[in-house]
Amino acid sequence: MTTALTHLSRALTGVLADAARESGHRIDTNTAPAGLEWPADVLAASPNRHTILQVAQPAANSEAIRAQTAQALQHGLDIVWFTPEAHAPPWLPRVPAVRVTAPARPGEEWTAQAAVQRLTADACTCGPAWGHGAHRAWAPPEPVPLAAMLADLLAGRLVHATVQPELPGRRFTAWARNQDVRAEADHLRTLAADTRDLTDAAKSSTPYIPLPEGRSAAPLGRLLEAARRWARHKTGVVCHIETASADWMAGGLVVTPSSRPPDSALPPVTALVRPLPHIADWTSELSTIPVLVGSPEEYFSLRRTAPAAAQILIL
Ligand SMILES: [Zn+2]
């Protein structure tokens, strides 16, 4: 551990303890809670919740952090990890965690980086074939003052993505407010209500590949970029996107390997982006090709008529 980072970690522990105390919590520092064999940096207690605020060691390993998280939860303790490192460590999205930045000048506040996501509502621009009402989506995570975030965390007003049940289209990856999480769940349930066969296979077929931090683009541009990245990952070769020519493609866009030797085992069509729901014929090849869409609204429009085995992915 470098001296500078040691100093920063110590300062951060003090800031967390002070902020927790100011929000009305009883504080223990550097004490092992009952049942745990490692000391909690800060244990913040209110009458109905006990929350460990733990500053991760620089270069801490993911396995150890996940194991400690599981131990705390088994003992009925909430736990939130904090890191003052300049770059997000690999474990950051996998446990309840916050990356923080020290104030640039004395007297200024610590900031929680890329921390809280807001649920947005936008009018549908998919076109008449899709017939959606509003689209609801998660805005990219925003930085917030650490003390304010901690008060919300300790009061149970924030939910972390890792403790959410899987729902098709769930897209938030950091922290979100309770009311936004409930609003999204209601919205997804409404979208799914018209879908007769929302099978377990369909629920599990929605992996979300997050865009790099801070990236955003127009909906179709974002989807096409995500589709190219998804196809590259799936096939191992660079893929590009073409306009569809065959009837079974239902006006979608074709994702295809950019170069494919004559003896290649790769199929010519890797995936189809956004076939139109009103002309999609699921008795054709369409049912055997992964279909890529950009929102839960599009997902449910297609899911309504697709066979259960059809692979529809939200990117
Ligand atoms: Zn739409």
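Check the entry above for the structure.
The sections below set out a description of the structure shown in this document. The structure displayed is predicted, hence computed values, not measured ones.

### Topic: the coordination of the zinc ion
Right, on to step 1. Listed as protein donors to the zinc ion are Cys 124 (SG), Cys 126 (SG), His 132 (ND1) and His 135 (NE2); their distances from the metal cover 2.0 to 2.3 Å.
Right, on to step 2. For the zinc ion, the four donor atoms are set out with angles of 104 to 115° between them, so the coordination reads as tetrahedral.
Right, on to step 3. When the donors of the zinc ion are listed by position in the chain, the intervening gaps give C-x1-C-x5-H-x2-H.
Right, on to step 4. The exposure class assigned to Cys 124 is partly exposed, which follows from its relative accessible area of 22%.
Right, on to step 5. His 132 gets classed as buried once you look at its relative accessible area, which sits at 16%.

### Points about the packing of aromatic side chains
Right, on to step 1. For the coordinates displayed, the defined rule picks out three aromatic pairs.
Right, on to step 2. Ring geometry for Trp 138 versus Phe 172: centroids 4.7 Å apart, planes at 45°, classification tilted. Here the residue Trp 138 occupies a position in strand S8 (residues 134-138), and Phe 172 occupies one in the loop between strand S10 (158-160) and strand S11 (175-177), the gap between them amounting to 34 residues. For the residue pair Trp 138 and Phe 172, the accessibility class agrees, reading buried in each case.
Right, on to step 3. Residues Tyr 299 and Phe 300 carry aromatic rings whose centres are separated by 4.9 Å and whose planes lie at 90° to one another, so their mutual orientation is edge-to-face. We note that Tyr 299, like Phe 300, is buried.

### Notes on the packing of helix H1 (residues 3-22) against helix H3 (residues 146-154)
Geometry of a packed helix pair, given as the angle between the helix axes and the separation of the axes.
Right, on to step 1. The interhelical angle for the contact between H1 and H3, taken along N-to-C directions, is 55°, at an axis separation of 9 Å. Considered as vectors, H1 and H3 are oriented oblique to each other. Where H1 crosses over H3, the handedness of that crossing is right-handed. Contacts between H1 and H3 involve Leu 12, Val 15, Leu 16, Ala 19 and Ala 20 on the former and, on the latter, Leu 146, Ala 147, Leu 150 and Leu 154.
Right, on to step 2. Grouping the constituent residues of the contact of H1 with H3 by class yields nine nonpolar, no polar and no charged.

Basis of the calculations
Residues numbered from 1 in each chain as written. Predicted model: local features only at pLDDT ≥ 70, side-chain atom pairs only at ≥ 80, totals over all residues. Heavy atoms only, no water. Donors = N, O, S within 2.8 Å, 3.2 Å for Na, K, Ca; no water. Tetrahedral: all angles 85-135°; square planar, octahedral: opposite > 155°, others 65-115°. Buried < 20%, exposed > 50% of the residue type's maximum accessible area, 1.4 Å probe, protein only. Phe/Tyr/Trp six-rings, centres within 6.5 Å; stacked < 30°, edge-to-face > 60°. Helix = DSSP H or I, 4+ residues; strand = E, 2+ residues; numbered from the N terminus. Axes fitted to C-alpha atoms, helices over the stretch in contact; angles between N-to-C directions. Parallel < 35°, antiparallel > 145°, perpendicular 65-115°, else oblique. Left-handed = near helix turned anticlockwise from the far one by under 90°. Contact = heavy atoms within 4.5 Å. Nonpolar A, V, L, I, M, F, W, Y, C, P; charged D, E, K, R; others polar.

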